[in-house]
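Coordinate inspection notes
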Amino acid sequence: MFTQFKEWYEKRHDYAMEWKEKTGGKIIGYFCTYVPEEILYAADVLPVRVLGGHEPQDVTEPHIFGMYCPFSRDVLAQGLKNKFFYLDGITIAQSCLHIRQAYTSWDLHRPTEFSYYLPMPHNVQSDHSRTFLRSELQQFQEAVEKWTGKKITDVDLDRGIDIVNTNRRLLKQIFELRRQENPPLTGQEAMYLVLSSQMTDKREHNKALLELLEQLPQRKLNRPTGERLMILGSENDDIPFTEMVEQVCEATFVIDDHCTGTRYFWNESVKDEDRLLEIANRYVDRVPCPTKDWPQRKRLEHIQNLIKDYDVQGVIVIQQKFCDPHELDIPAIQKSLKERGIPTLFLEFDVTAPLGPFRIRVEAFLEMMRQEDLF
Amino acid sequence: MSENETKEYWRWKEYNWKNPDIPDWRGSMVTAGVDVGSTSSQAVIMVDGQLYAFSNMRTGSDSPSSAIDAINWAMEGTGLALEDISFTVGTGYGRVNVPFANKAVTEIACHARGANFMYGPTVRTLLDMGGQDCKAIHCDERGKVTSFLMNDKCAAGTGRGMEVFANLLAVPIEEVGDMSLSVEEEPAPVSSTCVVFAKTEATGLLRAGWSKEKVLAAYCSAMASRVVSLLERNGMEKDFAITGGIAKNSGVVKRIERILGIEALKPNYDTQIAGALGGALFAKALAEKSNKGKIAGR
């Protein structure tokens, strides 16, 4: 049932090249989920997310600070090693400096025909953020038009918005099935769904999600659900770790808060005559990344709601080593979870996950919840 | 080659022990815990929840044979055979590689349970200083873990680090602690607890004319402040106890107590067996629950 999604994720480059051959269209690599994919779909450009390769590498050392997060360095390595050679353009929306450095260095060393830095506002809670972002989106749209040589009309924007919103809606409908006592999909399978949606043409992805949504409600997993866990942090496409927790330690991830997970698709845009304002509102109002979550911390409340809705028993908080924005958020998150009696486990991630040391921590964490049997 | 170069100063005492107060295990429930750690392995055998016998030895190159050697040594002279043990819990780094174990439990849970037996129900904060890692554990009055933190990223503050130092300074490992306490004035800690860098730093200090005692004091002190930061991150609550090999090192223990301003409870047992002991206690509970609680020798 999930083979297609897994294959899309694992063979992302093959997919992109085939797409290009089939459609003759342009592909743009994006570095952060604050990039408005609606406008790119409106321009018939395929946005694909640049994620790391989870392999040790030795090419980024002169180009990015060693104490920038391993994810950013891994992303840059993908560029320097030409793994994304088929990209016609690259773009980033402002989130953190580490990933921006990866983007800037990529742009310098592997220039593409189009490169765009979108100054997504940090203070999304400001009264001016919507108009500010709307103007920036206008400029972004004009730059894309200039690049593709094609004007983007309101009809195009409506199409782009619809493609992206449909994808968000379908993913959310599938995720909501995970509220059940025995979810019909594992956390690992859910991961493949979201990750593949960032790497494929959403029109095709939407079709596959629709088919999946028809079959899933009848699906029974031949495994005990075990403890219902939530995982949260920045990006996470660490499949081996998820696999270990679910298959070896026999717990199940029922929900997440990652930009490779729910944060990416949780909110749809709300219809507005002014299409660019509609898009701007969506990115201002979406579940925030820690770089945008101040002075008021909306993410804490959001996480608590997910815990309640998905009947979460324990939370694994993961952090990319050296990730400053999340380092700022994690103490507040752990405090708020502790106050509500939710057990948490903190793990620091690198390019590859040390599965042995992580396993003992996860097992001991689960034993904390299970150990009644031992007494 | 001189004698000094061949002598293994790091070598700690490997031994087995049998409780003289328990004359026979027949007619009782026998359970075991086997802790295959990165550096040392222990097997503990309990008879009706009483400590009956144990062994403490160095871990060999593969976990399954270390586990077998440890249990055989613990059973030595008892007349016990593996089939007389109704339930065995494997724990430690090699917990899934104990061939005769009925269940694997992490050493975090086992140490908390073992410490509860060794030090009594008042223990709330536990520091396990193992061969290659270090854990700060919080537990309740039953020895049930409520939170933990673990450092296994480097050998700083671990038994292996201490072994390297014993060898470097040619001081038998059992004497390191007391010797480090014999300094008149406490020197500043070595600035790095990384074993490799600390070794370089210590060599430099020796060359600069520092006595062995002073260098050991500087190293024990660095190790103590390192583990105290782990303890404080997890939160300190009395009573406080230490398990693992380093708990036998007075130089580290005293300095931890000094920094924290809290005295650690004094052990009545070998602190290295805490994990295996916890395992054997869990084995008893599990045996009773799974109806595997057969009576040995019948």
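Residues numbered from 1 in each chain as written. Chains lettered and ligands numbered in written order. Predicted model: local features only at pLDDT ≥ 70, side-chain atom pairs only at ≥ 80, totals over all residues.

Observations concerning the domain arrangement of chain B
Residues and elements named next belong to chain B. Taken as a whole, chain B is organised into domain 1 (7–113 + 273–289) and domain 2 (123–264). Each of domain 1 and domain 2 has a C-alpha centre, and these two points are 26 Å apart. Facing the 13 residues of domain 1 at the interface are 24 residues of domain 2. Per-element tally for the side of domain 1 that touches domain 2: the top contributor is helix 3 (residues 107–119), with 5 residues. Its residues assigned to classes, the side of domain 1 that touches domain 2 comprises 7 nonpolar, 5 polar and 1 charged. (Domains from an automatic or database assignment. Contact = placed C-beta atoms within 7 Å. Helix = DSSP H or I, 4+ residues; strand = E, 2+ residues; numbered from the N terminus. Nonpolar A, V, L, I, M, F, W, Y, C, P; charged D, E, K, R; others polar.)

Section: the sheet that holds strand 1 (residues 27–30) of chain A
All names here are of chain A. Here we have 4 strands laid out as an open sheet, ordered 2-1-3-4, and parallel in their pairing. Only two strands of the sheet have a single partner each, and these edge strands are strand 2 (46–49) and strand 4 (114–118). Each strand axis lies, on average, 25° off the axis of its neighbour in the sheet, ignoring direction. Both strand 1 and strand 2 contribute to a ladder of 4 bridges, which runs parallel. Each bridged residue has a counterpart across the sheet, and for Gly-29 the counterpart in strand 2 is Val-48. Where helix 5 (residues 97–109) meets the sheet, its contacts fall on strand 3 (89–93) and strand 4, and the angle it forms with strand 3 comes to roughly 155°. Here helix 6 (residues 129–148) sits on the sheet in contact with strand 3 and strand 4, set at roughly 180° to strand 4. (Pairing = 2+ DSSP bridges. Axes fitted to C-alpha atoms, helices over the stretch in contact; angles between N-to-C directions.)

Describing the confidence of the model for chain B
Across chain B, the average pLDDT comes to 91, with 95% of residues at 70 or higher. The ipTM, which scores confidence in the relative placement of chains, is 0.88 for this predicted complex, and the corresponding pTM is 0.92. (pLDDT = per-residue confidence, 0-100.)

Description of the packing of helix 7 (residues 212–234) of chain B against helix 8 (residues 250–260) of chain B
For any two helices packed against each other, the geometry is given by the interaxial angle and the distance between the axes. Residues and elements named next belong to chain B. Two elements in contact, helix 7 and helix 8, have axes whose closest approach is 8 Å; the angle formed by their N-to-C orientations is 50°. As summarised for this structure, helix 7 and helix 8 are arranged oblique, according to the angle between their axes. At the point where helix 7 passes helix 8, the crossing takes the right-handed sense. Counted together, Leu-216, Cys-220, Ser-221, Met-223, Ala-224, Ser-225, Val-227 and Val-228 of helix 7 and Gly-251, Val-252, Arg-255, Ile-256, Ile-259 and Leu-260 of helix 8 form the full contact between these two elements. The residue inventory of the contact of helix 7 with helix 8, partitioned by class, reads 10 nonpolar, 3 polar and 1 charged. (Parallel < 35°, antiparallel > 145°, perpendicular 65-115°, else oblique. Left-handed = near helix turned anticlockwise from the far one by under 90°.)

Brief notes about the sheet that holds strand 7 (residues 314–320) of chain A
All names here are of chain A. On the basis of which strands lie adjacent, the open sheet formed by 4 strands has the order 6-5-7-8 and parallel pairing. At either end of the open sheet lies a strand with only one pairing partner, and these are strand 6 (252–257) and strand 8 (344–349). With strand direction ignored, the average angle separating the axes of adjacent strands in the sheet is 25°. One ladder, built from 5 bridges, connects strand 5 (residues 228–232) with strand 6; its direction is parallel.

Observations concerning the nonpolar core
Ranked by size, the top nonpolar core spans 125 residues in total, and within it Met-230 of chain A together with Ala-43, Val-44, Ile-45 and Tyr-219 of chain B carry the most contacts. Top contributing element to this core by residue count: helix 7 of chain B, with 12 residues. Built from parts of two domains, this core gets at least three residues from each of domain 1 (7–113 + 273–289) and domain 2 (123–264) of chain B. Sequence-distant contacts of Ile-45 of chain B, defined by excluding residues within four places in its chain, comprise Val-30, Ala-32, Tyr-52, Ala-53, Phe-54, Ala-74, Met-75, Leu-80 and Ala-280 of chain B. Listed in part, the 73 residues of the second largest apolar core include Ile-39, Ile-92, Leu-171 and Leu-276 of chain A. (Core = buried A, V, L, I, M, F, W, Y, C linked by C-beta atoms within 7 Å. Buried ≥ 20, exposed ≤ 12 C-beta atoms within 10 Å, placed from the backbone.)

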